[in-house]
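Given next are the chains, with one letter for each unit.
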Amino acid sequence: MSNYHIKSLEEYFKIYRKSIREPELFWEEVAEEHFAWRKRWNKVLEWDFSKPEIKWFEGAKLNITENCIDRHLLGKGEKTAILFEPNDPKEEAQHITYNSLHKRVNQFANVLKENGVKKGDRVCIYLPMIPELAISILACARIGAIHSVVFAGFSATALATRINDCDCKMVITSDGSYRGAKTIDLKGIVDEALKECEGVETVLVAKRINSSINMKEGRDKWLQPLLDKASTACEPEIMDAEDPLFILYTSGSTGKPKGMVHSTAGYMVYTAYTFKNVFQYRDGDIYWCTADIGWITGHSYIVYGPLANGATTVMFEGVPNYPDFSRFWEIVEKHKVTQFYTAPTAIRSLAKESLSYLEKHDLSSLKVLGSVGEPINEEAWHWYNDNVGKNQSPIVDTWWQTETGGIMISPIPYVTPTIPTFATMPMPGVQPALMNENGEELQGNLVEGRLCIKFPWPGIARTIWGNHQRYKETYFSAYDNKYFTGDGARRDAVGYYRITGRVDDVIIVSGHNLGTAPIEDAINEHPAVAESAIVGCPHDIKGNALYGFVTLKETGESRMQVNLRKEINQIITEHIGPIAKLDTIQFTPGLPKTRSGKIMRRILRKIACGDTSNLGDISTLQDPEVVQQIIEGRAALE
Ligand code: WT7
């Protein structure tokens, strides 16, 4: 029996028990057998959740790109590492072999060096889903620079905040991007953002859409000519196990986005291990995750996890509905995809279209279907299972977070019996705990509470960039000695976990994690706005829709309110991006607040979702009358 590849339920239980009884020995064996190290660790794990401090494989030396690329060259050099499928189906797909990936990453790494990037420097990557995105990430890792990828759907303001938060000295972008039938002027967004970013010295620009763009003398450089001149050899920088590998921002319920810092060795071991098991990847498989690399799903399960296993990973530039709703299925057939990993919101949007889109394609290559990003509802689960998997491919409902680095709770396909909407059982090494309101751990089965993790796993983020105190407060202060996830969960009669959703002020819209506070802050910038509160309401496709209650400084007439609604969404688009636009805006004379001035979102959530039969205790409200006014205002909106 190998710890690394779980092949039966019996093995799962054995391995799981071992990983809990002897976590250090367990992870040591995994690390020893399956990775290339320049120097062995002195100690497997050092931890203290009260500080919090977590160190895995301390003393070890490695470079993650040697593990993701170099070690596959012997034997797998001509195997496709990245299979790039362009936005336009008429453009040819690109098969980037491990040999070619090695050369291209080295060239890129040399360009970074020639442009002054050194170990430990932060590099912002703002690129569409083109090969340069994966290659630039690996090039940073090759030379020990810390990449900070910003999803290319974020606005200039959001980009600038992220560039400045971690002092990036370079930005890598493209002239523009394709998104279905549209093109987006990415370079224009970067130019706008950089007006606020003094620390950026160089902008490398990949050519994708051949648009004519502005190049700022001395700062902006076309990438391709530099790559063409660069050597294809680049010795990897030898890194410490705990050196930061990357920063990735995630929104919190309050304040500015949190730059989660992931380490090198622990992250590598954890993403590789979970990839192998959750997707049961075998040589020859064609694995496709539809996420954007701008999110953690793409970092861990398009780039690092698959490449560390020598897999073929598909990178898709486009969208599910271009040229029409059959695109995903056409790609599955064309490349004979074996594992397909997507989000419930995508499943729901495809499920509402005609089945004929799907039926004209041969999906028989599929062996495993995955879901991630939000709870998958029963209807979507069955549609996915019946129509895409034809009842033959197990669905892995994978629960995890930007902060966890990799998958935490998930079935192992062909091993764990699945139940719709249940993420089922923890990965080896993961010790979940459900907590009640009094901070006590709930024992036994058939309980529901707040989901915590009580022991470190190698993939956990080590800190928030520049703000360790916030890291401690957000994740380690709610419960003593436990990592708090922000999610609620239920444990059923057999010990399976079902994630019930966020218990904080984070709302997941189309699988995107949005904090209410940053949206409210943006709205409040509007000169006519006094105050605002955002809540989420169930939505058929997006999972949640955003509903905003806005109070104005002076109540305007209704014609003006139409314009105001547009302006408010405009401000949100500028500050965050179009993903955070509100579906409904209700102007109200006031907001329900406790006597201490805290907005009672619980009440607003119920009103917004049309559930006013039982508003719970409103006696602590400063002004209970406002509730009636809001209910009436909601009715008038319809
Ligand atoms: C939040 C984390 C992890 C990659 C994508 C999102 C929700 C994620 C599931 C799932 C129910 C899920 C949680 C979590 N979530 N996967 N399978 N079932 N909820 O990463 O943006 O950091 O969001 O997504 O609420 O806390 P993220």
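Residues numbered from 1 in each chain as written. Predicted model: local features only at pLDDT ≥ 70, side-chain atom pairs only at ≥ 80, totals over all residues. Heavy atoms only, no water.

## Observations regarding the overall build of the protein chain
A tally of helices and strands in the protein chain yields 19 helices and 30 strands. What you see for the protein chain is a C-alpha radius of gyration of 24 Å, in line with the 26 Å of a compact globule of 638 residues. Projected onto the principal axes, the alpha-carbon positions of the protein chain cover approximately 75 × 65 × 55 Å. Put simply, of all contacts in the protein chain between residues at least 6 apart along the chain, 70% involve residues at least 24 apart. Only carbon and sulfur atoms are counted for the fraction: they give 47% of the accessible area of the protein chain, which is about 24,600 Å². (Helix = DSSP H or I, 4+ residues; strand = E, 2+ residues; numbered from the N terminus. Rg over C-alpha atoms; globule rule 2.2 N^0.38 Å. Contact = heavy atoms within 4.5 Å. Areas by Shrake-Rupley, 256 points an atom, 1.4 Å probe, with all protein chains shown as cover.)

## As for the environment of Glu 242
Along the chain, Glu 242 falls in the loop between strand S13 (239-240) and strand S14 (244-250). Residues Glu 242 and Thr 264 lie 22 residues apart in sequence; the distance between their C-alpha atoms is 5.8 Å. Contacts of Glu 242, omitting those with residues within four sequence positions, involve Ile 54, Lys 55, Trp 56, Ser 263 and Arg 462. A distance of 2.9 Å separates polar atoms of two side chains, one belonging to Glu 242 and the other to Arg 462. (Polar contact = N/O pair within 3.5 Å; in protein donor to acceptor, adjacent residues only side chain to side chain.)

## Digging into the site of the ligand
Near the ligand lie 17 residues; those nearest to it are Asp 397, Thr 398, Thr 402, Asp 487 and Arg 502. Take Gly 373: an N or O atom from its main chain is 3.1 Å from a nitrogen atom of the ligand. In the complex, 95% of the free accessible area of the ligand, which totals 550 Å², lies under the protein chains. For the shell around the ligand, the elements supplying multiple residues, two or more each, are helix H10 (296-308), strand S20 (395-398) and strand S25 (497-502). Among the residues making up the shell around the ligand, the classes are represented as seven nonpolar, six polar and four charged. (Near = heavy atom within 4 Å. Nonpolar A, V, L, I, M, F, W, Y, C, P; charged D, E, K, R; others polar.)

## Quick word on the side chain of Asn 110
Mapped onto the secondary structure, Asn 110 falls in helix H4 (residues 98-114). Those residues in contact with Asn 110, other than ones at most four positions away along the chain, are Ala 230, Ser 231, Ala 233 and Cys 234.

## Here's the deal with the environment of Gly 188
Secondary-structure assignment places Gly 188 in helix H7 (residues 186-194). C-alpha separation for the pair Gly 188 and Gly 116, spaced 72 residues apart in sequence, amounts to 24 Å.

## Structural notes on the nonpolar core
Ranked by internal contacts, the top residues of the largest apolar core, which has 123 residues, are Trp 37, Phe 57, Leu 101, Leu 112, Phe 279 and Tyr 304. When sequence neighbours within four positions are dropped, the list of residues in contact with Trp 37 reads Ala 31, Glu 32, Phe 57, Ala 60, Lys 61, Leu 62, Ala 265, Met 268 and Val 269. With 44 residues, the next largest nonpolar core counts Cys 124, Tyr 126, Ile 507 and Leu 582 among its residues. (Core = buried A, V, L, I, M, F, W, Y, C linked by side-chain atoms within 4.5 Å. Buried < 20%, exposed > 50% of the residue type's maximum accessible area, 1.4 Å probe, protein only.)

## Description of the pairing of strand S19 (residues 368-372)
Counting buried residues along S19, five of its five residues qualify, which places the element largely inside the surrounding structure. Both faces of S19 are covered, namely the face carrying Val 368, Gly 370 and Val 372 and the face carrying Leu 369 and Ser 371. Bridge count for strand S18 (residues 339-342) against S19 is four bridges, and the pairing is parallel. For Thr 342, the partnering residue across the bridge sits in S19 and is Ser 371. Sheet topology places S19 next to S20; four bridges connect them, and they run parallel. Pairing of Ser 371 across the sheet is with Asp 397, part of S20. (Pairing = 2+ DSSP bridges.)

## As for the domain arrangement of the protein chain
By domain assignment, the protein chain separates into domain 1 (98-237) and domain 2 (509-637). Relative to domain 2, the C-alpha centre of domain 1 lies at a distance of 37 Å. Taken together, the contact between domain 1 and domain 2 spans five residues of the former and six residues of the latter. Between domain 1 and domain 2, a total of about 430 Å² is buried, with carbon and sulfur atoms accounting for 59% of that surface. In terms of surface lost to domain 2, no three residues of domain 1 exceed Phe 154, Ser 155 and Thr 157, which account for 62% of the buried area on that side. Between the two partners, domain 1 and domain 2, sit zero salt bridges. Its residues assigned to classes, the side of domain 1 that touches domain 2 comprises two nonpolar, three polar and no charged. (Domains from an automatic or database assignment. Buried area = accessible area lost by both parts, 1.4 Å probe. Salt bridge = Lys/Arg side-chain N within 4 Å of Asp/Glu carboxyl O.)

## Brief notes about the pattern of salt bridges
Applying the stated rule across the entire model yields 31 salt bridges. With its nearest N and O atoms 2.9 Å apart, the salt bridge here joins Glu 242 to Arg 462. With a gap of 220 residues between them, Glu 242 in the loop between S13 and S14 and Arg 462 in the loop between strand S22 (447-453) and strand S23 (463-464) connect regions that are remote in the sequence. Residue class for Arg 462 comes out buried when judged on its relative accessible area of 10%.

## Thoughts on the packing of helix H1 (residues 9-21) against helix H2 (residues 23-34)
At their nearest, the axes of H1 and H2 sit 5 Å apart, and the two run at 115° to each other. On the side of H1, the interface is formed by Ile 15, Lys 18, Ser 19, Ile 20 and Arg 21, while H2 contributes Pro 23, Leu 25, Phe 26 and Glu 29. Residue classes in the contact of H1 with H2 are distributed as five nonpolar, one polar and three charged. (Axes fitted to C-alpha atoms, helices over the stretch in contact; angles between N-to-C directions.)

## Some remarks on the sheet that holds strand S15 (residues 258-263)
Pairing in this open sheet of eight strands is mixed, and the strands run S12-S11-S8-S6-S7-S14-S15-S23 from one edge to the other. Where the open sheet ends on each side, the last strands, each with one partner, are strand S12 (220-222) and S23. The pairing of S14 with S15 spans six bridges and is classified as antiparallel. Among the inter-strand pairings, Ile 247 is bridged to a residue of S15, identified as Val 261. Lying over the sheet, H10 contacts strand S7 (146-149), S14 and S15, oriented at roughly 140° with respect to S14.

## A few points about the sheet that holds strand S29 (residues 543-552)
Strand pairing in a sheet takes place through backbone hydrogen bonds and is either antiparallel or parallel in direction. Read across the open sheet, the three strands follow the order S28-S29-S30; overall the sheet is mixed. A single partner strand is all that each edge strand has here, and the edge strands are strand S28 (529-539) and strand S30 (584-587). The mean angle between the axes of side-by-side strands here comes to 20°, regardless of whether they run parallel or antiparallel. By the bridge criterion, ten bridges tie S28 to S29 in an arrangement that is antiparallel. Bridge assignment links Val 535 to a residue of S29, and that residue is Tyr 547. Helix-sheet contacts for helix H16 (residues 516-524) involve S28 and S29, and the interaxial angle to S28 is about 140°. Packing of helix H18 (residues 601-608) onto the sheet brings it into contact with S28 and S29, and relative to S28 it is tilted by some 60°.

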